[in-house]
Amino acid sequence: MSLSVLDLFRVGIGPSSSHTVGPMRAARTFALELETRGLLPSVEAIRCELFGSLGATGLGHGSDTAVLLGLLGETPEGVDVEQIPRLLSEIAASGTLLLLGRHAIGFRKSDLSLSRRALPYHPNGMRFSALSAGRCLFQDTSYSIGGGFVVKEGEASAEDRLPIPLPFRSAQELLGHCRTLGKSVSQVMLENEITWRTEGELRKGLLGLWEVMQACVYRGCTTEGTLPGGLGVVRRAPTLYRRLTRSPEAGLRDPLTAMDFVDLYALAVNEENAAGGRVVTAPTNGAAGIIPAVLHYYARFIPGATEDGVVRFLLTAGAIGTLYKENASLSGAEVGCQGEVGVACSMAAGALAEVMGGSPDQVENAAEIGMEHNLGLTCDPIGGLVQVPCIERNAMAAVKAINAARLALYGDGHHFVSLDKVIRTMRETGRDMKTKYKETARGGLAVSLPEC
């Protein structure tokens, strides 16, 4: 297992890790490749083709915008979100795009096309071609495989890492390390992480992600308005925030108020994501509200919560997330929303179990429960937008993750279905799922809007 927790959790922009973050990274990588090959000064035009799920829902997910930003040299973690409208309007008005911010080429709307036809390797395919005098100088095909990860055609993995001391490709192997060494899941993950960076650097990186999550929740709670895209979805988090904070003491007399706050945290993040704001991919943008919501629950409602607990939470969630990425998928276009919301629910459940004192077996049990009750979850966003049912779905899954952790902690870790079995089942279920239910906006709720 060679995936770092800081690769799994990364700062990006909404609304989608696979349809926004991935295409932006792929386009920028293509532009950098042109520079490396010495071709940049000769390029007169760039032809961009988006295939499969990217072609079907790319406009609703901002894939076209992401590609243009990537060609400009912008990164998901570094782009100034407030300046994106200006950058795009300048391209549209001038018909010119500055590759990597310095080489001007002509760019017309027809230079970027969307096709529902899928390329062989993955539903999220992209092909970029650099042209000069009508001749192709260089062409490259990439795939956005979920969670913002991108692989080029013919590559086996998005990562190339040094060997780690405690490798694991299954939950059984992970638990084996825990039992043999007497370590928790987060401690096993830490031993591997310090292969690539110091413990201090890792801690700084993880707490930095926590700061971004908190800032995202704050923006979501305080930003009013209607989400873009044409559905007319009004942000609900600000209203809920005012109701819950108007009289906190009175509100907490209701034993379910804590659940209302969890709903608030998840709604706030995913409304920000839907508006194209800055979020932490956890492990995808479509599921970005679940882990922050459960982590906020830990920080606010669990006695004795500490920054060390936040670090352990994210390390444990990362260990669980790597199992899904290694053995199944994080892509809604490949396995449906069980690969996004289901995985995030599983990660959050296991992580919460650990920081609440659970054993490695209870952590594994919590993660299994979190996925077991998301199996078969379809990805059917109305209008191809990450809004309905995606925003509410994050709130539901965050509450489910907390319940899964609590159920696991009531037991001793022994259970009928292992995490490895449920991951295999998720993968097989996704393989059997019809394409129209996998982020194409051609089935399920996506075609159920009532006629007026």
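No experiment lies behind these values; they were computed from the predicted model shown.

Chemist: What is the right way to read the environment of Met 433 from this model?
Modeler: Among the secondary structure elements, Met 433 is positioned in the segment after helix H18 (419-432). On the accessibility criterion, Met 433 (11% relative accessible area) is buried. Considering only alpha carbons, one finds Met 433 and Thr 378, 55 residues apart in sequence, at a separation of 8.2 Å.

Chemist: Would you mind showing me how to read helix H2 (residues 17-36) here?
Modeler: Since there are 3.6 residues in each turn of an α-helix, residues three or four apart along the chain are aligned in direction. Here H2 contains 20 residues, and its C-alpha end-to-end distance of 26 Å stays within 8% of the 28 Å for a straight helix at 1.5 Å per residue. Burial runs high along H2: 14 of the 20 residues are buried. Here H2 starts with a cap whose side-chain oxygen sits 3.4 Å from the backbone nitrogen of Ser 18, and that cap is Ser 16. Where H2 ends, the next residue or the one after it, Gly 38, has phi of about 75°, a positive value.

Chemist: What should I look at first to understand the sheet that holds strand S8 (residues 149-152) in this one?
Modeler: Either a parallel or an antiparallel arrangement is found when strands of a sheet pair, and the pairing is made through backbone hydrogen bonds. Across the sheet, five strands lie side by side as S5-S2-S6-S7-S8; this open sheet has mixed pairing. Of all the strands in the sheet, just strand S5 (112-115) and S8 have a single pairing partner and so form its edges. With direction set aside, neighbouring strand axes in the sheet form an average angle of 25°. Contacting strand S2 (45-52), S5 and strand S6 (124-132), helix H3 (residues 53-61) crosses the sheet at an angle of about 105° to S2. Packed onto the sheet, helix H4 (residues 63-72) meets S2, S5 and S6 and runs at close to 145° relative to S2.

Chemist: Even after reading the chapter, I still don't get the nonpolar core, so can you show me in this structure?
Modeler: As a rule of thumb, nonpolar side chains are buried together in soluble globular proteins. Phe 9, Leu 206, Ile 291, Phe 313, Leu 314, Tyr 324 and Leu 352 are the most contacted members of the largest nonpolar core, which has 102 residues in total. Among the elements that line this core, the one with the most residues is helix H15 (residues 341-355), at eleven residues. Not counting chain neighbours up to four residues away, the residues in contact with Phe 9 comprise Leu 209, Val 280, Thr 281, Ala 282, Ile 291, Leu 314, Ala 317, Gly 318 and Met 347. In terms of nonpolar packing, the next biggest core, distinct from the first, is built from 33 residues, Leu 54, Ala 66, Ile 84 and Leu 112 among them.

Chemist: Would you mind going over the environment of Ala 133 with me for this structure?
Modeler: Mapped onto the fold, Ala 133 is located in the loop between S6 and strand S7 (135-146). A sequence separation of 90 residues divides Ala 133 from Val 43, and the C-alpha atoms of the two residues are 8.8 Å apart.

Chemist: I'm lost on the packing of aromatic side chains in this one. Help?
Modeler: For the coordinates displayed, the defined rule picks out six aromatic pairs. Plain terms: the ring middles of Phe 261 and Phe 301 are 5.9 Å apart, the flat faces sit at 55° to each other, and that makes the pair tilted. Here Phe 301 lies in helix H12 (residues 290-301) and Phe 261 lies in helix H11 (residues 257-274), a separation of 40 residues in the sequence. Judged by its relative accessible area of 3%, Phe 261 is buried. An aromatic cluster of at least three residues, connected via ring pairs, comprises Phe 261, Tyr 265, Tyr 297 and Phe 301. Taking the ring centre of Phe 149 as reference, the NZ or CZ of Arg 10 above it sits at 4.7 Å. For the cation-ring pair, Lys 325 lies above Phe 149, with the distance from its terminal atom to the ring centre recorded as 4.4 Å.

Chemist: Quick question: what am I supposed to make of empty space enclosed by the protein here?
Modeler: Space left empty within the atom packing is revealed by a probe, the size of a water molecule, rolled over the atoms. In the structure shown here, the tally under the stated rule is two cavities of 30 Å³ or more. Taken as a whole, the largest cavity spans an internal volume of roughly 100 Å³. What lines the largest cavity is Pro 15, Ser 16, Ser 17, His 61, Gly 286, Cys 337, Glu 340, Cys 379, Pro 381, Val 386, Cys 390 and Glu 439. Taken together, the residues of the lining of the largest cavity break down into six nonpolar, four polar and two charged. As a volume, the second largest cavity reaches approximately 50 Å³. Lining the second largest cavity are Ala 171, Leu 174, Leu 175, Val 185, Ile 320, Pro 360, Val 363, Glu 364 and Leu 419. Residues belonging to the lining of the second largest cavity are distributed by class as follows: eight nonpolar, no polar and one charged.

Chemist: Teacher, can you tell me more about the side chain of Ser 329 here?
Modeler: Mapping Ser 329 onto the fold places it in the loop between helix H13 (307-327) and helix H14 (332-335). Under the relative-accessibility criterion, Ser 329 is labelled buried at 4%. Reaching out from Ser 329, the side chain makes a polar contact with the backbone nitrogen of Ser 331 at a distance of 3.0 Å. A distance of 2.8 Å separates the side chain of Ser 329 from the side chain of Glu 334, its partner in a polar contact. Ignoring sequence-local partners within four residues, the contact set of Ser 329 consists of Ile 145, Tyr 324, Glu 334, Val 335, Gly 339, Val 343 and Met 426.

Quick notes on the rules
Residues numbered from 1 in each chain as written. Predicted model: local features only at pLDDT ≥ 70, side-chain atom pairs only at ≥ 80, totals over all residues. Heavy atoms only, no water. Helix = DSSP H or I, 4+ residues; strand = E, 2+ residues; numbered from the N terminus. Buried < 20%, exposed > 50% of the residue type's maximum accessible area, 1.4 Å probe, protein only. Expected span 1.5 Å × (residues − 1). Polar contact = N/O pair within 3.5 Å; in protein donor to acceptor, adjacent residues only side chain to side chain. Pairing = 2+ DSSP bridges. Axes fitted to C-alpha atoms, helices over the stretch in contact; angles between N-to-C directions. Contact = heavy atoms within 4.5 Å. Core = buried A, V, L, I, M, F, W, Y, C linked by side-chain atoms within 4.5 Å. Phe/Tyr/Trp six-rings, centres within 6.5 Å; stacked < 30°, edge-to-face > 60°. Lys NZ or Arg CZ within 6 Å of the ring centre and 35° of its normal. 1 Å grid on protein atoms, 1.4 Å probe; cavity = no way out; pocket = protein on both sides within 12 Å on 5 of 7 lines; lining within 4 Å. Points joined across faces, edges and corners; volume = space filled by probe spheres on them. Nonpolar A, V, L, I, M, F, W, Y, C, P; charged D, E, K, R; others polar.

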